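Summary of the model geometry
The primary structure of each chain is shown beneath.
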Amino acid sequence: MELLGVHGVTTRFPGVVANDNVSLTIHRGTVHCLLGENGAGKSTLAETMYGVHRPDEGYLTLNGERLDLRSPKDSIAKGIGMVHQHFELVKPLATVENVALGTTGPGRLDLGKVRARLEELCEAYRIDLDLDTPVGGLPVGLQQWVEILKTMYLGVDLLILDEPTAALTPVGVERLFESIRRMRDDGLAVILISHKMHEVTGISDRVTVLRKGKVIDTVQTDSVQAADLVRMMVGRSVELSKATNHPPAGETKLSVTDLVAGEPSERGSLCGVSFDVGAGEIYGIAGVSGNGQDALFDTIVGVREPDGGTITIDDTDTAGMDPRTVSKLGVGSVPADRINQALLMDFNIDENIGLGRHGDRPFSIRGVLQRMAFRRRAEQAIEDYEIACPSASHITRTLSGGNLQKIVMARELEGQPDLIIVHQPTRGLDISAAENVRQRLIAERDRGAAIVLMSEDLDEVLSLSTRVGVMFDGKIVGEMHHDELDLDRIGAYMAGVLDTTDTHEVVV
Amino acid sequence: MTAVDTPPEAPDADADDENGDEKTGGRWRIERRLETSWYLEVGGVVLAMVAAILTSSILISAAGSDVLESFRALYRGGFGTRDAFVETLVQATPLIFTGLAAAFAFRAKIWNIGGEGQLYAGAMGAYWASRILGDSLPSIVLIPACFVLAMLMGAGWAGIAAVLRTRFGVNEIITTVMLNFIVLNVLSFLLNGVWQDPASFYAQTDRMSDAYQLPQLLSSGRLHLGFLIALATAALVWFVLARTSFGYEVRSIGANPRVAAYGGIVSNKIIIATLLISGAIAGLAGASELLGTQLRLQPGISSDFGFTGIIIALVARLRPAGVIVVAIAAGALRNGATTMQITTGVPAALVDVITGLALVFVLLAAVMVNYRIRRPQTDG
């Protein structure tokens, strides 16, 4: 029985079409998965159903009637609830109080009533939670239950869960699924956002696959194979924009062995990463975000100290070295977040061009800044990289994303580093700016640099890399040479269905 | 001309971060400026001052006094005569030091609120040096020794907060404020004990010998060498912040500690160094006051110089040259307050109100200059 209908919804953000003419229906008493890569538009679609975004085109219906949501307040009133990945809980307060907050009207606070209802819910869905512990003291997995209870308390017909398993242990996932099944049996519709294949096939009744903002298909889960879903998800008869010829790799420049950082249960931790990169080679690391890419970048460049394993650059073990020492070994690094990792936005362009080497010649002589050196270097970079800006002494903040990235590239590629690590080098850039960055990387490779390219843009990784490793749950689960690229396998690695490094438990 | 006046159904604004070019409606709008210029900043400060004066005049007239006459008296007392101006500079001297101390730390976004306590620690250091050295040496040795120990004591006092912050993650705002109280009690303990002048009933030390007195700069008035040291310190602070790689790192930490970390700048080192330097500068204020004007260590050696220094630093937008200007203005207010009280009966405490209002308005202006009001073009 149809509960919610999405009819031709298009939602645009500046520069992106997040949802492009999306249509689907959600039925009562079903678990409906939204499956797709990063940036496929899953979250935007869910948030549209929850009233966070208003569609630019198209409309929603609830029980066949036109639904106009102005804010989440409206959607809650209509029985639509959503649990985000980032919780909004008051940590010093207990679960009962958190639920009471904002759900009870003005006047006397009747915690007893709230508690009674919560106990009913916990009983009905087999939720094991101490309602009186301050939520800040609960593990993240249980905090999520508080969020779910908050939503359920309001009485919803449709519950939207955005990547609810990201913070959970396998046991926690099973518990959650058990409760979701009970909710479904009670006639609720549950929308689950995920990119993990075994979860999708394990829990859902129906799946909608999204790719680049468009609905690829909506299918009954039991009517398809996991492999079909993977193909739909990464799909595209990829026009592997030939990264030209791949010269043979030279001597090994970077070797990472069994690298560990953080606890295995922690999202984004490293659980034994191993790979190596040779001179003149681009080693691409594909994977859905949150599988350890940030930690890998940080440990290699020296911002974070690993908890185990080795990082060898040339013949030096660099694990635990500080970023300046690593950089002096001939390493250039472009972090994922230009604004919060790479550039001091309130500094001038020329000041940023020396960041990291500001204490060394030619930028400093005996501790005194050589402003002309900064200026000359910046002017050179502006010319070489065609950075659009009024002058070298202009404030960095005003530049566009593409130009910001050019400053970072100019800084990091200066001095012809032997090893270059780039993370999300083209995120948020327009097509020509992105193309510019990619051409640079190829040129650096041809010069003989070893390059590690981490990106969530699968096309980018596939088109540039000499070899591709896929990261999942803090490990490189599979590796392929550019002439044996197989999308089905890559998709399976990305979705955690396949793991060639772990022969003990291959999930099917 | 047909105005296209359809409010765009833009998606939620916080969904996109780097978005500047929204579709336009036809109404006046407040929007963020991408860049500000020096004349906007200076203009903002001037406007803020005018607003502070206007607001204070409401208070003055509410108190039943003549507004114009009061401000005239205030001006006369601060700048009106040569003697008044010289005394203004005397008042400004400790404020320049404490203003610089705050400005230096604030550049790194280290909130050292303990300038007052570090000033006291510095004064104690200077006095301590005099106890150790006695009168056996010439001034040229004694005075620098006092200043050095003052800086060490000021730095050491701030250093406690630095260690607590970097080792244990204790917020420096809390520790520096708390340390203000502690140093006052330590001083009180000493002044009622081993440091007390045996000839005096009061909790104060004996008068230091003339060898410790800072040279006077002018034949009349109290202006002493401390003023020149303050100016030199301002120049040095400017140089360190603007022209050295260490200053670059201090500013980087203040601008974005995460970016600084990726640039290989170790936050904790810079935090410690910044607090030590800030404390040392505040310590100089203590030595300058003790050796320049008072020569006797007593609990009232600072009249809130440390706290006023924070306001001065903020009003000066953390710029060393600005600190000098604002400190002299603040010195004139303090100095003129007496004249105002005598001639018009407006309590001298009003200048504290004016100073406070100036801070509020300057902070307001600092935010507002980042925005502009614009009527969007209808052709989009």
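The notes below deal with the structure included here. (Residues numbered from 1 in each chain as written. Chains lettered and ligands numbered in written order. Predicted model: local features only at pLDDT ≥ 70, side-chain atom pairs only at ≥ 80, totals over all residues.)

1. Things to note about the overall build of chain A
The helix and strand tally for chain A stands at 17 helices and 22 strands. Scaling as 2.2 N^0.38, a compact globule of 508 residues should have a C-alpha radius of gyration of about 23 Å, and chain A matches this with 25 Å. Projected onto the principal axes, the alpha-carbon positions of chain A cover approximately 70 × 50 × 45 Å. Counting every position in chain A, which comprises 508 residues, the buried fraction comes to 46%. Of all intrachain contacts in chain A linking residues separated by at least 6 positions in sequence, the fraction that spans at least 24 positions is 67%. (Helix = DSSP H or I, 4+ residues; strand = E, 2+ residues; numbered from the N terminus. Rg over C-alpha atoms; globule rule 2.2 N^0.38 Å. Buried ≥ 20, exposed ≤ 12 C-beta atoms within 10 Å, placed from the backbone. Contact = placed C-beta atoms within 7 Å.)

2. A short note on the sheet that holds strand E5 (residues 65-67) of chain A
All names here are of chain A. Taken in spatial order, the 4 strands make up an open sheet running E2-E1-E4-E5, and their pairing is antiparallel. Looking at which strands have only one partner, the edges of the open sheet turn out to be strand E2 (16-27) and E5. Strand-to-strand twist of the sheet, defined as the mean angle between neighbouring strand axes without regard to direction, takes the value 25°. Two elements, strand E4 (residues 57-62) and E5, share 3 bridges in a ladder whose sense is antiparallel. Within E5, the residue paired with Thr-61 across the bridge is Arg-66. The strands touched by helix H1 (residues 42-49) within the sheet are strand E1 (2-13), E2 and E4, with E2 carrying the most contacts at an inclination of about 60°. (Pairing = 2+ DSSP bridges. Axes fitted to C-alpha atoms, helices over the stretch in contact; angles between N-to-C directions.)

3. Focus on the interface of chain B and chain A
Taken together, the 24 residues of chain B in the interface contact 32 residues of chain A. Where the side of chain B that touches chain A is concerned, the elements lending two or more residues are helix H8 (245-255) and helix H9 (257-262) of chain B. Residue classes in the side of chain B that touches chain A are distributed as 10 nonpolar, 7 polar and 7 charged. (Nonpolar A, V, L, I, M, F, W, Y, C, P; charged D, E, K, R; others polar.)

4. Digging into the nonpolar core
With 246 residues, the main nonpolar core has Leu-453 of chain A together with Ala-123, Ala-126, Cys-146 and Val-323 of chain B as its most contacted residues. Formed jointly, this core draws a minimum of three residues from each of two domains, domain 1 (2-234) and domain 2 (252-494) of chain A. Apart from residues no more than four positions distant in its own chain, Val-323 of chain B is found in contact with Ile-96, Gly-99, Leu-100, Ala-103, Ala-234, Ile-312, Ala-313 and Ala-316 of chain B. (Core = buried A, V, L, I, M, F, W, Y, C linked by C-beta atoms within 7 Å. Domains from an automatic or database assignment.)

5. Re the sheet that holds strand E16 (residues 331-334) of chain A
Residue and element names in this part refer to chain A. Strand order in the open sheet formed by 6 strands is E16-E19-E20-E13-E21-E22, and the pairing between neighbours is mixed. The open sheet terminates on both sides in strands that have one partner only, identified here as E16 and strand E22 (475-481). Each adjacent strand pair in this sheet contributes to an overall mean axis angle of 15°, direction not counted. Inspection of the sheet shows strand E13 (residues 282-286) paired to strand E21 (residues 467-472) by 4 bridges, in the parallel sense. Looking across to E21, one finds that Ala-286 is bridged to Val-470. Across the sheet, helix H9 (residues 293-301) touches E13, E16, strand E19 (419-423), strand E20 (450-454) and E21, and the angle it forms with E19 is around 150°. Each of E13, E21 and E22 is contacted by helix H17 (residues 487-494), which is oriented at about 30° to E21, the strand it contacts most.

6. A short note on the pairing of E20 of chain A
Residue and element names in this part refer to chain A. Burial runs high along E20: 5 of the 5 residues are buried. Residues of E20 alternate between two faces, with Ala-450, Val-452 and Met-454 on one and Ile-451 and Leu-453 on the opposite face, all of them buried. Strand direction decides the pairing type here: E13 and E20, joined by 4 bridges, are parallel. Within E20, the position partnered with Ile-285 by the bridge is Met-454. Here E19 runs beside E20; their pairing, made up of 5 bridges, is parallel. What sits directly across from His-423, in E20, is Met-454.

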